[in-house]
Amino acid sequence: MLLDRRQALAAAIATALPFGLEVKSVADVTNYAAVAMQLAARSVERAKSPEEARMQIIAHIGELEAQIRAASVFITQYGGAPVKLAVLPEYLFTSYPGRISIPDFAKLAAFAPDGAEYQAMGELAQKLGMFIAGNAYETDTNFPDLYFQASFIVAPNGNVVLRYRRLNSMFAPTPHDVWSKYLDIYGLEGVFPVARTEIGNLAAIASEEILYPEIARAHALRGAEIFVHSSSEIGSPNATPKMIAKRARALENLTYVISANTAGILNTTLPVASADGNSMIVDWKGNVIAESNSGETFTAFADIDLAALRAARRKPGMTNMLSRQRNALFAAAYAADTHQHANSLIKGGVVKTPDRDHFKRVSEQTIERLVKDGLI
């Protein structure tokens, strides 16, 4: 029976059946402004202890109030619309773990869901009176010694209204690596959460996941109207894969994409500006309506017109790609593809703690299976 339920949940993902989706009505939303805050991430890898790392993180969160408030004042004076949503870059408060072991990095940098870091983010959202979206590494008492990369949204009342754990990562644990247990605990709503708020239906995509159309589509078919995208990526005057993907995901799903990139990464041996620039806001037609240059800046801001988006979604026509998508056509093909195995971190029913090279081995094994079946 348990296997049958998991198969049903997997089929629901492929066919977008809204298992557990609570549909709430929200008041019509007038125009408001959103901003992608392009800020420098600060690594904690040089912290001498977890306590020192936590102090650095809390201090960094405290600095954001003045930065976001000043940006909001300018944006409102410039365009007239109040700022109701600010998106922060990927792993802003800690940077990435590098070769630090997974248990050690969890102790050093990962937020507890009920911990001081989220409390500080809630207080920040309350002081600013807006929604704040961000990204951090996060622990889970159900999976000791692991962490997940989480994108989150904090509401103006201080509550975390969305927590999305990254599903596709090359060198870190994901829910798919502990899939059977994760589904037992959180169900489908915990995999593809959508927050229905007074500023629209919000969903998160983490970093390079913007390259995977299925992740965006699964959220859109659960009602998402705005994707918050925290990223740390190479900025370029050329069209990078991620820049192309942001426009494609917006167009395909008739959604806004608000993408905040880092303005470099501090306190590492990498050149600071290695991941810098090109934060952007993309409208539901795939048009880039605001884009930053390099450095710390708030200049990727724009008005969000939900009424126009909702009207476009209800028009029958060739441009309404969301309504024209025939997902049932593809359910069997997706379900039959077993090359990328789930539960790579579960053995004999027990969750194991991986070394850093585990994920490379999983990738190599997947490629071997694809070669064996003549697909590549």
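Bear in mind the structure is a predicted one, so any value in this text is a computation, not a measurement.

(A) Seen up close, the overall build of the protein chain. Of the regular secondary structure elements, the protein chain holds eleven helices and 16 strands. Relative to the compact-globule value of 21 Å for 376 residues, the protein chain shows a C-alpha radius of gyration of 20 Å, a close match. Projected onto the principal axes, the alpha-carbon positions of the protein chain cover approximately 60 × 60 × 40 Å. Partitioning the contacts of the protein chain with sequence separation of at least 6, the portion at a separation of at least 24 is 74%. Here the protein chain has roughly 17,000 Å² of accessible surface; of this, 56% comes from carbon and sulfur atoms. Charge separation in the protein chain, taken as the distance between the mean sites of 37 positive and 38 negative side-chain charges, equals 4 Å.

(B) Here's a closer look at the sheet that holds strand β6 (residues 160-165). Strand order in the open sheet formed by six strands is β6-β5-β4-β3-β1-β14, and the pairing between neighbours is mixed. Only two strands of the sheet have a single partner each, and these edge strands are β6 and β14 (297-304). Between one strand axis and the next, the sheet turns by 20° as a mean value, whatever way the strands run. As paired strands, strand β1 (residues 32-38) and β14 are joined by six bridges and run antiparallel to one another. Within β14, the residue paired with Val35 across the bridge is Phe301. Each of β4 (131-138), β5 (148-154) and β6 is contacted by helix α4 (residues 116-128), which is oriented at about 25° to β5, the strand it contacts most.

(C) Fine view of the pattern of salt bridges. Overall, the coordinates contain 16 salt bridges when judged by the stated rule. For Arg99, the salt bridge goes to Asp357, with nearest N and O atoms at 3.4 Å. Taken together, the residues span a long stretch of sequence, with Arg99 in the loop between β3 (83-87) and α3 (102-109) and Asp357 in the loop between β16 (350-351) and α11 (358-372) at a distance of 258 residues. What makes Arg99 exposed here is its relative accessible area of 61%.

(D) Here's a closer look at the side chain of Asn320. Among the secondary structure elements, Asn320 is positioned in the loop between α8 (306-313) and α9 (321-324). Side-chain polar atoms of Asn320 contact the backbone oxygen of Arg313, separated by 2.8 Å. Here Asn320 is in contact with Leu254, Ala312, Arg313, Arg314 and Lys315, once residues within four sequence places are set aside.

(E) Fine view of the environment of Leu146. Tracing the backbone shows Leu146 in the loop between β4 and β5. Leu146 sits 206 residues away from Lys352 along the chain, and the two C-alpha atoms are 8.9 Å apart. Those residues in contact with Leu146, other than ones at most four positions away along the chain, are Ile102, Ala106, Thr139, Pro173, Val178, Leu345, Val351, Lys352, Thr353 and Pro354.

(F) Spatial organisation of the pairing of strand β13 (residues 288-291). Two elements, strand β12 (residues 280-282) and β13, share three bridges in a ladder whose sense is antiparallel. Its bridge partner being in β13, Val282 is matched across the sheet by Val288.

(G) Here's a closer look at the packing of aromatic side chains. A full pass over the atoms with the stated rule returns 17 aromatic pairs. With a centroid separation of 5.6 Å and 80° between ring planes, the pair formed by Phe111 and Tyr118 is classed as edge-to-face. On the basis of relative accessibility, which here comes to 4%, the residue Tyr118 falls in the buried class. The structure contains a cluster of three or more aromatic residues connected by ring pairs, namely Tyr91, Tyr96, Phe105, Tyr137 and Tyr147. Here the guanidinium or amino end of Arg163 rests over the ring plane of Tyr118, the centre of that ring lying 4.8 Å away.

(H) Looking closely at the layout of surface pockets. Empty space within the second largest pocket amounts to approximately 640 Å³. Together, 29 residues line the second largest pocket, and Glu90, Tyr91, Tyr96, Phe171 and Ser232 are the ones closest to its centre. Considered class by class, the residues forming the lining of the second largest pocket number 14 nonpolar, six polar and nine charged.

(I) Broad picture of the packing of helix α2 (residues 50-79) against α4. Running from N to C, α2 and α4 cross one another at 10°; their axes reach a closest spacing of 10 Å. Taken together, the axes of α2 and α4 are roughly parallel relative to one another. Between α2 and α4, the residues in contact are Arg54, Ile57, Ile58, Ile61, Leu64, Glu65, Ile68 and Arg69 and Ala116, Glu117, Ala120, Met121, Leu124, Lys127 and Leu128, respectively. The residue makeup of the contact of α2 with α4, split by class, is ten nonpolar, no polar and five charged.

(J) Inspection of the nonpolar core at higher detail. One finds Leu85, Leu88, Phe93, Met121, Ile226, Ile258 and Ile304 to be the most contacted residues of the largest nonpolar core, which totals 107 residues. With sequence-adjacent residues up to four places away left out, Leu88 is seen in contact with Met37, Leu39, Leu64, Ile68, Phe93, Met121, Ile132, Ala133, Gly134, Ser230 and Ala260.

Here is what the cut-offs are and how they apply
- Position labels on residues start from 1 in each chain and follow its written sequence.
- In keeping with the model being predicted, local features are shown solely for residues with a pLDDT of at least 70 and side-chain atom pairs are shown and tallied solely at 80 or more, while totals for entire chains, interfaces and linings include all residues.
- The basis for every side-chain value is the complete set of heavy atoms in the structure, and neither hydrogens nor water enter the calculation.
- Strands here are runs of E lasting at least two residues and helices are runs of H or I lasting at least four, both read from the DSSP assignment and numbered beginning at the N terminus.
- Note that the radius of gyration is over C-alpha atoms, with the globule rule given as 2.2 Å times the number of residues to the power 0.38.
- Contact criterion: two residues are considered in contact whenever any of their non-hydrogen atoms come within 4.5 Å of each other.
- Areas reported here follow the Shrake-Rupley algorithm with a probe of radius 1.4 Å; residue values treat only the protein chains shown as occluding.
- For the charge count, each Lys or Arg is scored as positive and each Asp or Glu as negative, with His and the chain ends excluded.
- The atoms used to mark charge sites are NZ of Lys, CZ of Arg, CG of Asp and CD of Glu.
- Strand pairing is assigned whenever DSSP detects at least two bridges linking the two strands.
- Axis geometry follows a simple rule: fit a line to the C-alpha atoms, using only the stretch in contact for helices, then measure angles between N-to-C directions, giving values from 0 to 180 degrees.
- For this document, the term salt bridge refers to a Lys or Arg side-chain nitrogen within 4 Å of an Asp or Glu carboxyl oxygen.
- Residue exposure (1.4 Å probe, protein chains only): buried if accessible area is under 20% of the type maximum, exposed if over 50%, otherwise partly exposed.
- Any pair of N or O atoms that falls within 3.5 Å is considered a polar contact. Within protein, one atom must be able to donate a hydrogen and the other to accept it, and sequence-neighbouring residues count only if both atoms are side-chain atoms.
- For Phe, Tyr and Trp, rings pair up if their centres lie within 6.5 Å, where Trp contributes its six-membered ring, and each pair is then called stacked (planes under 30 degrees apart), edge-to-face (over 60) or tilted (otherwise).
- Charge-over-ring placement is defined geometrically: NZ (Lys) or CZ (Arg) within 6 Å of the ring centre, and within 35 degrees of the ring normal.
- Throughout, the protein atoms alone are placed on a 1 Å grid, and a set of points is a cavity if a 1.4 Å probe fits but cannot get out or a pocket if it is open with protein on both sides within 12 Å along at least five of seven lines; lining residues have an atom within 4 Å of a point.
- Grid points are joined across faces, edges and corners, and a volume is the space filled by probe spheres set on the points.
- Residues are grouped as follows: Ala, Val, Leu, Ile, Met, Phe, Trp, Tyr, Cys and Pro are nonpolar; Asp, Glu, Lys and Arg are charged; all remaining types, including Gly, are polar.
- Oblique is the label for any angle not under 35 degrees, not over 145, and not in the 65 to 115 range, which are roughly parallel, roughly antiparallel and roughly perpendicular in turn.
- By nonpolar core we mean a set of buried residues, namely Ala, Val, Leu, Ile, Met, Phe, Trp, Tyr and Cys, connected to one another through side-chain atoms within 4.5 Å.

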